[in-house]
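A look at the structure
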Amino acid sequence: MSTIAESARIHPMAVVEDGAVIGEGVKIGPFCHVGPHVVLHENVELLSHAIVTGRTVIGRGTRIFPMAVIGGDPQSVHHGGEETTLSVGANCTMREGVTMNTGTADFGGQTIVGDNNLFLANSHVAHDCKVGNHVIMSNNVMLAGHVVIEDRVILGGGSAVHQFTRVGRQAFVGGLSAVSYDVIPYGMLNGNPGLLSGLNVVGMTRAGVDRAVIHRVRRAYKSIFEGTGSVRENAAAIRDEYADCEQAVQILDFIAADSDRALSSPTRGRRADPWLYQATPLRAGWR
């Protein structure tokens with residue numbers, strides 16, 4: 001039997017399967033489907049035509065818009081029907097057509113999404129992703145499997161993140177960008193291939209970071225990416241100098257951490273392809 005709080009409001013044309021747990025103040029609109037292993041915490045709202053399935057927990061106050069499918073099986077050839085999970089935090093918004101998948105057994109079986117996140121229409125969170133808090137994923141953003149998105153990241157519309165890639169705290173990824181390598185905290189990445197183009201100074205300013213601190217972090221950035229050694233060597237060399245700067249230390253720790261992917265930089269991934277980077281003369285007769 002389902003556990004349904006007295007204050008929950010469920011439209012008669014919605015389906016809530018036996019076993020689901022429905023908390024206080026939950027609203028489930030017409031043509032929604034809630035699976036038997038789903039937990040909806042207090043004040044969750046499913047507007048209409050939304051599906052929450054799998055072993056999925058939705059945090060309080062989260063709103064799910066029409067045609068979203070939350071908790072579907074991982075889109076992985078290695079998935080054999082194991083009982084894996086999806087956990088979504090409090091006060092998230094999932095707009096029309098958003099999809100989120102549960103994890104895969106070989107990698108811990110958990111997809112985890114934090115609090116206060118905004119997922120715009122048709123964005124996708126794949127299996128085994130870890131998404132932090134206060135993240136914005138714009139329309140049609142795609143996260144491949146095992147991606148880590150840290151707090152306060154903004155991903156522009158149509159951007160795509162390669163599997164096993166990390167995007168550091170408060171980074172900004174421009175629309176239609178291809179994120180093939182890890183993006184440092186506070187970094188800005190644009191293009192296809194995605195190239196690091198500096199720091200997210202606007203985001204740092206809006207977050208209340210002092211201008212003098214921002215200038216210090218910019219100096220650290222230049223030392224890391226314009227120094228004579230490798231990025232990791234340059235980062236290690238300046239650690240003592242910036243030990244008292246929280247934002248710089250976050251960047252240095254991110255670079256030092258183990259990762260399955262290389263680091264994005266102002267040059268990594270740039271291809272010497274004349275069709276991409278050189279103007280091609282028009283042939284005779286072309287208009």
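A brief report on the enclosed structure follows. (Residues numbered from 1 in each chain as written. Predicted model: local features only at pLDDT ≥ 70, side-chain atom pairs only at ≥ 80, totals over all residues. Heavy atoms only, no water.)

A closer look at the environment of valine 44
Here valine 44 is to be found in the loop between β7 (39-40) and β8 (45-46). Residue valine 44 is classed as buried on the basis of its relative accessible area, which comes to 0%. In the structure, valine 44 is positioned 38 residues away from glutamate 6 in sequence and 14 Å away in space, judged by C-alpha atoms. (Helix = DSSP H or I, 4+ residues; strand = E, 2+ residues; numbered from the N terminus. Buried < 20%, exposed > 50% of the residue type's maximum accessible area, 1.4 Å probe, protein only.)

Comments concerning the sheet that holds strand β13 (residues 85-88)
Across the sheet, nine strands lie side by side as β1-β4-β7-β10-β13-β16-β19-β22-β25; this open sheet has parallel pairing. Unpaired on one side and paired on the other, β1 (3-4) and β25 (166-167) mark the two borders of the sheet. Bridge analysis of strand β10 (residues 55-58) against β13 gives four bridges, and the strand direction is parallel. Looking at the pairing, arginine 55 lines up with threonine 85 of β13. (Pairing = 2+ DSSP bridges.)

Things to note about the layout of surface pockets
Approximately 240 Å³ is the volume attributed to the largest pocket. Together, His134, Arg152, Ile154, Gln170, Ala171, Phe172, Met188, Asn200, Val202, Gly203, Arg206 and Ala207 line the largest pocket. In the lining of the largest pocket, the residues fall into six nonpolar, four polar and two charged. (1 Å grid on protein atoms, 1.4 Å probe; cavity = no way out; pocket = protein on both sides within 12 Å on 5 of 7 lines; lining within 4 Å. Points joined across faces, edges and corners; volume = space filled by probe spheres on them. Nonpolar A, V, L, I, M, F, W, Y, C, P; charged D, E, K, R; others polar.)

A closer look at the pairing of β13
Side chains of β13 alternate between two faces, with Leu86 and Val88 buried and Thr85 and Ser87 left unburied. Note: β13 against strand β16 (residues 110-113), four bridges, orientation parallel. When the bridges of β16 are listed, serine 87 appears paired with isoleucine 112.

With respect to the pairing of strand β12 (residues 69-72)
Residues in a regular strand point their side chains to alternate faces of the sheet. Pairing geometry for strand β9 (residues 51-52) and β12, over two bridges, is parallel. Paired with valine 52 across the strands is isoleucine 70, a residue of β12. Where β12 meets strand β15 (residues 99-101), three bridges bridge the pair, whose relative direction is parallel. When the bridges of β15 are listed, glycine 72 appears paired with asparagine 101.

With respect to the pattern of salt bridges
Going through the model one piece at a time under the given rule, you end up with seven salt bridges. Across the pair arginine 55 and glutamate 83 runs a salt bridge whose closest N-O atoms are separated by 3.0 Å. Placement of arginine 55 in strand β10 and of glutamate 83 in the loop between β12 and β13 is noted, with a sequence separation of 28 residues between them. Between aspartate 151 and arginine 169 there is a salt bridge, with the nearest N and O atoms lying 3.7 Å from each other. Residue aspartate 151 is located in the loop between β22 (148-149) and β23 (154-155), and its partner arginine 169 is located in the loop between β25 and β26 (172-173); the two are separated by 18 residues in the primary sequence. Classification of aspartate 151 as partly exposed rests on a relative accessible area of 26%. (Salt bridge = Lys/Arg side-chain N within 4 Å of Asp/Glu carboxyl O.)

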